[in-house]
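Each chain, written out:
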Amino acid sequence: MSKKTPLKNRSERSGNLVSIAPYDSTSNAYKKDSQQSPQTGFGAYLTVAILVFLVVFFVGIYELVVETWIRLK
């Protein structure tokens, strides 16, 4: 009969391929990234540009109508 050695727990065994302490990647999953500054999106700039264009366009149309009315009067 062979002499049996007592079983070692996992931390005492040599040659562990997988670390004993689990790596928890979920602890930082919902943290806000504080290094990145908030950026204004392209849509905001596009909205402002369209509003400015419409104001200038309608003011131009209004001036054209008023000038034409004054000349025809």
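See the structure shown above.
Residues numbered from 1 in each chain as written. Predicted model: local features only at pLDDT ≥ 70, side-chain atom pairs only at ≥ 80, totals over all residues. Heavy atoms only, no water.

**Re the overall build of the protein chain**
Looking only at helices and strands, one finds 1 helix and 0 strands in the protein chain. Buried positions account for 0% of the 73 residues belonging to the protein chain. When the accessible surface of the protein chain is split by element, carbon and sulfur atoms take 63% of a total near 8,000 Å². (Helix = DSSP H or I, 4+ residues; strand = E, 2+ residues; numbered from the N terminus. Buried < 20%, exposed > 50% of the residue type's maximum accessible area, 1.4 Å probe, protein only. Areas by Shrake-Rupley, 256 points an atom, 1.4 Å probe, with all protein chains shown as cover.)

**A short note on the packing of aromatic side chains**
Ring pairs (aromatic) are described by centroid distance and by the angle formed between their planes. By the definition in use, this model includes 2 aromatic pairs. Residues Phe 53 and Phe 57 carry aromatic rings whose centres are separated by 6.0 Å and whose planes lie at 20° to one another, so their mutual orientation is stacked. You can see Phe 53 and its partner Phe 57 sitting in helix H1 (residues 42-72), 4 residues apart, about one turn around the helix. Each member of the aromatic cluster is reached from another via a ring pair, and the members are Phe 53, Phe 57 and Phe 58. (Phe/Tyr/Trp six-rings, centres within 6.5 Å; stacked < 30°, edge-to-face > 60°.)

**So, a nonpolar patch on the surface**
On the surface, Phe 42, Leu 46, Ile 50, Phe 53, Leu 54, Phe 57, Phe 58, Ile 61 and Val 65 cluster together into a nonpolar patch covering about 920 Å² of accessible area. Its place among the elements puts Ile 61 in helix H1. Here Ile 61 falls in the partly exposed class, since its relative accessible area comes to 38%. (Patch = residues over 30% accessible without salt bridge, like charges linked within 9 Å, V, L, I, M, F, W, Y side chains within 5 Å. Salt bridge = Lys/Arg side-chain N within 4 Å of Asp/Glu carboxyl O.)

Shape descriptors only; they carry no functional weight alone.
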